[in-house]
Amino acid sequence: MSAGPATTDGWISMFLEAHAAELDAARNTQLAYGRDLKDFAAWVAHRGGHFATVTRDDVEAYLVSCDANGLSKATRARRLSSVRQMYRFAHDEGWRAENPAIRIKGPGAVQRLPDALSQDEVSRLMDAARTHGRTEPDRARATALLELVYATGMRVTELVSLPVSAARGDPRMILVRGKGGKERMVPLSGPARAALVAWLAHRDEAEDKARLAGKPVSRHLFPGPGADGHLTRQHFHLMLKDIAVLAAVSPARVTPHALRHAFATHLLAGGADLRVIQTLLGHADLSTTEIYTHVLDDHLKSLVLDHHPLAKSTKGS
């Protein structure tokens, strides 16, 4: 049996490298694992220990300290999952004879039900987007962003990082690169396609001027000045708050994820197939998609979960 890396940093880095290579994990997932394990490493080091000698009692004591520090159930559950995954890797590598976290029951993450925006609220947000911004290009960009996220249910990272090539030629479908680099095709609504055409006209005009001035052009649909070259998630989030104020919708309820929720719940309310919505959202597991049924009234929940043959076949699995 190998003792493994000499430092806890070595354990973490080798685990993250293997996790990225084997599972093609998304960058945000890798960062979350890294943050959780560094916190655990600091706690272990403070007690004079090392990952190689951590016991089940140590892991349980760590979770108690997380609770004492006011961390939520969801955060504690994620921390335990990160520790468990790392020790599973260490066991597979022969660094540990056992996984000290394998039999620990986590606190359980609280399943938060989506607070779905109504169709009327979404319509008001769309109308407000058309007036948001000092210039016509600003207003066209805001409209395109909202129409796209509501028409497709894209995650905010997927939306802001779209390449401009995906929108060329007035497409009826758009290719989205999701978590772990997995790709999926999502259809565009008529209003979303019109908003894209209007935004592209302004974007391309600005790019032509930049090219003539000898400046680099962007490959992104929504360029931005940041290091990644595209509009940031934070910028889009703040823009939504401003649009919510204009639309007389509570800004606390309007987030990129709320629009993704609205996309799913409005499709379900219209009778869309649960598995189709699963595909459009890029969910790996149907159980993740089923959370959206909780925001529907009892009649619609019955239609989706009790009467639909595909939903029936997966309820017990």
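Please read these numbers as outputs of a predicted model, since none were measured by experiment. (Residues numbered from 1 in each chain as written. Predicted model: local features only at pLDDT ≥ 70, side-chain atom pairs only at ≥ 80, totals over all residues. Heavy atoms only, no water.)

Q: Describe the overall build of the protein, with residues and values.
A: Along the protein, the regular secondary structure elements total 14 helices and two strands. Sequence-distant contacts, at least 24 apart, represent 58% of the contacts inside the protein between residues at least 6 apart. (Helix = DSSP H or I, 4+ residues; strand = E, 2+ residues; numbered from the N terminus. Contact = heavy atoms within 4.5 Å.)

Q: Now, about the packing of aromatic side chains: what can you tell me, with residues and values included?
A: Inspection of the entire model under this criterion finds 12 aromatic pairs. For the ring pair F15 and F89, a centre distance of 6.0 Å and an interplane angle of 55 degrees mean the geometry is tilted. Of this pair, F15 sits in helix α1 (residues 8-23) while F89 is found in helix α4 (residues 73-93), placing the two residues 74 residues apart along the sequence. Across the pair, F89 and F15 agree in class, each one buried. The rings of W11, F15, Y33, F40, W43, F51, Y62, Y87, F89 and W95 are connected pair by pair, giving a single aromatic cluster. (Phe/Tyr/Trp six-rings, centres within 6.5 Å; stacked < 30°, edge-to-face > 60°. Buried < 20%, exposed > 50% of the residue type's maximum accessible area, 1.4 Å probe, protein only.)

Q: Got a sec to walk through unusual backbone geometry? Specific residues and values, please.
A: At D170, a residue that is not glycine, the phi angle is positive and equals roughly 50 degrees. Its location among the elements puts D170 in the loop between α7 (156-160) and β1 (173-177).

Q: So, the pattern of salt bridges: which residues are in play, and what are the values?
A: One pass over the structure, following the stated rule, counts 22 salt bridges. Measuring nitrogen to oxygen at the nearest pair gives 3.2 Å for the salt bridge that ties D204 to R203. The class for R203 is buried, based on a relative accessible area of 5%. A network of salt bridges, in which partner residues are shared, links D36, D39, R78 and R79. (Salt bridge = Lys/Arg side-chain N within 4 Å of Asp/Glu carboxyl O.)

Q: Would you mind going over the environment of Q30 in detail, with residue names and values included?
A: On the secondary structure map, Q30 appears in helix α2 (residues 27-46). Between the alpha carbons of Q30 and E17 there is a distance of 9.1 Å; along the sequence they are 13 residues apart.

Q: Break down the side chain of T265 for me, with residues and values.
A: Summarising the element assignment, T265 is placed in helix α10 (residues 256-269). The class for T265 is buried, based on a relative accessible area of 3%. At 3.4 Å, the side chain of T265 forms a polar contact with the backbone oxygen of A262. (Polar contact = N/O pair within 3.5 Å; in protein donor to acceptor, adjacent residues only side chain to side chain.)

Q: Describe helix α9 (residues 233-247), with residues and values.
A: Between the first and last C-alpha of α9 there are 21 Å, a value that for 15 residues agrees with the 21 Å anticipated at 1.5 Å per step. Taken as a whole, α9 has its buried residues at F236, M239, L240, K241, I243, A244 and A247. In this fold, the buried residues of α9 make contact with α5 (119-129), α6 (136-152), α7 and α10. In the segment just after α9, A248 is the residue with positive phi, at about 60 degrees. (Expected span 1.5 Å × (residues − 1).)

Q: How would you sum up the nonpolar core? Please name residues and give values.
A: Of all hydrophobic cores here, the largest spans 51 residues; its most connected members are L125, L146, L221 and F236. Contributions of two or more residues to this core are made by α5, α6, α7, β1, α8 (190-212), α9, α10 and α11 (274-281). No other element matches α6, which puts seven residues into this core. Those residues in contact with L125 that lie beyond four places of it in its chain are L117, L146, I243, A244, A247, V249, V254 and L259. I12, Y33, F51 and L63 belong to the second-largest nonpolar core, a separate cluster that totals 26 residues. (Core = buried A, V, L, I, M, F, W, Y, C linked by side-chain atoms within 4.5 Å.)

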